[in-house]
Amino acid sequence: MDTKNKGFNTKLIHSGDYEDCFGSVVTPIYQTSTFKFKDAGHGGDCFSGKSDDYIYTRMGNPTINSLECKIADLENGYRGIAFSSGMAAVSTVYMAVLSQGAHVLSTDAVYGPSRAVLERDFSRFGVEYSFVDTSKIELVEKAIKPNTKLIYLETPTNPTIMLTDIRKIADIAKKYGILVCVDNTFSTPYLQKPLDLGADIVLHSITKFINGHADIVGGVVVAKDKDVYDNLRKTMTFMGGNMDPHQAYMVNRGVKTLSLRMERSGKSAQKIAEYLEKHPKVEWVRYPGLKSHPHYELAKKQMTGFGSMISFELKGGFKAGEILMNNVKVAALAVSLGGVESLIQHPASMTHAGVSKEARNNAGISDGLVRYAVGIEDVEDLIDDMENALRKI
Ligand SMILES: *Cc1c(COP(=O)(O)O)cnc(C)c1O
C-alpha cells in the first residue's frame, strides 16, 4: 500500500508492508544469511548499485527493511537503519559522523552508555566531547567549538525529565554547519518528530516503546537526507551492528500497537503524576504534563503528549526508597521502560548503588529519587499499588 499521504496510524500498520507471492498479510521472517543471484550479471548489478536486490543480511534483508521503512515513514525521514541494540545505533552514529579531532556536544543527562562510550572508547581515537545542560540554549551556543561536528540531544532526559528545545538548537546548529541527532526513545514519533523540528538524525532504543513488549533488544536510526543516510548505512554495514531478521519480525509485530500503548500509558501517567504531586510523602514530581514542570510550555509546543515516564522524590530519602521498592506489587522492580508492564526503579539503592553519594547528586540522582515507567495496566490498580507501598514508609 502507498502510505505517502496516509495518517500516522495507517502508516504504523501498513508502512513497509512486504508483498510476497502468497499474499501473506504479515511480513514473513526471511531467516537467511545470503540471497541467490539470478546470474553473474545480476550479482554485478547488485554490487555496483544498479540493482537494489538483496545480497547478504548484514547489508539488508526484507524483514529488516520492512521495519526500517516503517520507522522512517513514522519519523518523516528519508530512510532508516535497524540495529542489534540501541547502543549499536548510538555508536554507529558517532562512528559515521565523528573523526579524529572532532568534537561532539551532548546533553549532560544523556543515557549513561551514550556518554560512557565517548569517554571510554571514542576518546582513544581523539574524539572530544562536552556535556552541557542543553535545556539552556545559551549554554549550547557557548559550548560550540570550531571542530564541533555533532550536537547529540536527548529529550526528555532520564531520570531528570528535562526537555531541550529541538527547533532552537537545530537553528543554531545550521548556522555552524553542525549535524543534530536526537535520541527519541522516550517520546517515539507518536509524541515527537525531531526531523520535522530541524534535526538531521533521529534514533531509538527499539527495546523500549517501539517494540513495546520487553522481549527484544534493538535500535534504529533514521536520517532526513540521503547523504547522511548513505554514510550511516556504510558505517553500519562495515561495523556490523545489524539487526537480525527474527528481531525485526518481533518489532514489526510489537510496533503496530504503538499509538494505543502510548495513549493508554500517557493518560495513566498523567493521573499518577497528579496523584503523587498531592501525596504528603512525596517531595516533588517531575512529569512534563504537570503545570509545575519547568518545561511544561515547551512540552506542549514540541510534543503531542507527555509520555509515560515519571520521576519523583520521596520525603524519607534512601530508606523510603527502599521501603517503596520492597512493597510495590503491580509495578515490577526493573530497569528499562516502554513495555506494557509498569516498571519502577530506585537509582540510589539499585542502578546507582555502586556510585558515591556525591557523584549521584551531581548527576541529579538524590537519595529519594524514584523512576516510574508507567505501563498499560488499569490505572486504579497502579495507584492502589503505590498507595499501599507509600503507606509503609
Ligand atoms: C535503553 C536506552 C538506550 C540504549 O538502548 P539499548 O537497546 O539498551 O542498547 C539509549 N538511549 C535511551 C534513552 C535508552 O533508554
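Residues numbered from 1 in each chain as written. Predicted model: local features only at pLDDT ≥ 70, side-chain atom pairs only at ≥ 80, totals over all residues. Heavy atoms only, no water.

(A) Layout of the domain arrangement of the protein chain. Under the domain assignment used here, the protein chain contains domain 1 (8-256) and domain 2 (258-391). The partner domain 2 presents 33 residues to the 34 residues of domain 1 that form the contact. Overall, the association of domain 1 and domain 2 removes approximately 2700 Å² of surface from exposure, summing both partners, and the carbon and sulfur fraction of that is 62%. When the area that domain 1 buries against domain 2 is broken down by residue, the three leading residues are Leu163, Leu191 and Phe209, summing to 26%. Counting across the domain 1 and domain 2 interface gives 1 salt bridge. For lysine 301, the salt bridge is made with aspartate 165, and the minimal N-O distance between the two is 3.4 Å. When contributions to the side of domain 1 that touches domain 2 are tallied by element, the ones reaching two or more residues are α1 (8-14), α7 (166-176) and α8 (188-191). Its residues assigned to classes, the side of domain 1 that touches domain 2 shows 16 nonpolar, 14 polar and 4 charged. (Domains from an automatic or database assignment. Contact = heavy atoms within 4.5 Å. Buried area = accessible area lost by both parts, 1.4 Å probe. Salt bridge = Lys/Arg side-chain N within 4 Å of Asp/Glu carboxyl O. Helix = DSSP H or I, 4+ residues; strand = E, 2+ residues; numbered from the N terminus. Nonpolar A, V, L, I, M, F, W, Y, C, P; charged D, E, K, R; others polar.)

(B) How the structure looks around helix α4 (residues 86-97). End to end, α4 covers 17 Å across 12 residues, agreeing with the expected 16 Å (1.5 Å per residue, within 8%). Most of α4 is tucked away, with 9 of its 12 residues classed as buried. Every buried residue of α4 is accounted for by Gly86, Ala88, Ala89, Val90, Thr92, Val93, Tyr94, Ala96 and Val97. Its side-chain oxygen at 3.4 Å from the backbone nitrogen of methionine 87, serine 85 defines the N-terminal cap of α4. (Expected span 1.5 Å × (residues − 1). Buried < 20%, exposed > 50% of the residue type's maximum accessible area, 1.4 Å probe, protein only. Polar contact = N/O pair within 3.5 Å; in protein donor to acceptor, adjacent residues only side chain to side chain.)

(C) Quick peek at the sheet that holds strand β12 (residues 369-373). Taken together, 5 strands build an open sheet; the order of strands is β8-β9-β12-β11-β10 and the sheet is mixed. What marks the edges here is a single partner per strand, and that holds for β8 (282-286) and β10 (332-333). Across 5 bridges, strand β9 (residues 309-314) lies against β12 in antiparallel orientation. Each bridged residue has a counterpart across the sheet, and for serine 311 the counterpart in β12 is arginine 371. The strands touched by helix α11 (residues 258-278) within the sheet are β8, β9 and β12, with β9 carrying the most contacts at an inclination of about 10°. (Pairing = 2+ DSSP bridges. Axes fitted to C-alpha atoms, helices over the stretch in contact; angles between N-to-C directions.)

(D) Just the packing of aromatic side chains, in detail. Overall, the coordinates contain 10 aromatic pairs when judged by the stated rule. Between the aromatic rings of phenylalanine 35 and tyrosine 54, the centroid separation amounts to 5.4 Å while the plane-to-plane angle is 35°, which identifies the pairing as tilted. With phenylalanine 35 in the loop between α1 and α2 (40-48) and tyrosine 54 in the loop between α2 and α3 (62-74), this residue pair connects regions lying 19 residues apart in the sequence. Looking at phenylalanine 35, the relative accessible area reads 17%, which means it is buried. Relative accessible area serves as the criterion here: at 21%, tyrosine 54 is assigned to the partly exposed category. Ring centres 6.1 Å apart and planes at 25° place the aromatic pair tyrosine 296 and phenylalanine 306 in the stacked group. Taken together, the residues span a long stretch of sequence, with tyrosine 296 in helix α12 (residues 296-302) and phenylalanine 306 in the loop between α12 and β9 at a distance of 10 residues. Judged by relative accessible area, tyrosine 296 falls into the buried class, the value being 13%. (Phe/Tyr/Trp six-rings, centres within 6.5 Å; stacked < 30°, edge-to-face > 60°.)

(E) Region of interest: a negative patch on the surface. On the surface, a cluster of negative charge is made up of Asp378, Glu380, Asp381 and Asp384. Residue placement: aspartate 384 occurs in helix α15 (residues 379-391). (Patch = residues over 30% accessible without salt bridge, like charges linked within 9 Å, V, L, I, M, F, W, Y side chains within 5 Å. Areas by Shrake-Rupley, 256 points an atom, 1.4 Å probe, with all protein chains shown as cover. Lys, Arg positive; Asp, Glu negative; His and termini not counted. Charge placed at Lys NZ, Arg CZ, Asp CG, Glu CD.)

(F) View of the pattern of salt bridges. Using the criterion set out here, one finds 16 salt bridges in the structure. In this structure, the salt-bridge partner of aspartate 121 is arginine 124, at a minimum N-O distance of 2.6 Å. Counted as one network, the salt bridges with shared partners bring together Arg120, Asp121 and Arg124.

(G) Seen up close, the sheet that holds strand β2 (residues 103-107). Across the sheet, which stays open at both edges, the 7 strands sit in the order β1-β7-β6-β5-β4-β2-β3 with mixed pairing between neighbours. Because the sheet does not close on itself, it has two edges, and the strands there are β1 (79-83) and β3 (128-132). Averaged over all pairs of adjacent strands, the angle between strand axes in this sheet comes to 20°, irrespective of strand direction. Here 5 bridges tie β2 to β3, and the two strands are oriented parallel to one another. Considered in β3, the bridge of serine 106 is made with phenylalanine 131. Against the sheet, helix α9 (residues 226-239) makes contact with β1, β5 (179-183), β6 (201-205) and β7 (219-223), and its axis sits at roughly 20° relative to β1, the strand it touches most.

(H) Broad picture of a nonpolar patch on the surface. Together, Phe37, Phe47, Tyr56 and Met59 give the surface a local cluster of nonpolar side chains, amounting to about 380 Å² of exposed area. Its place among the elements puts phenylalanine 37 in the loop between α1 and α2.

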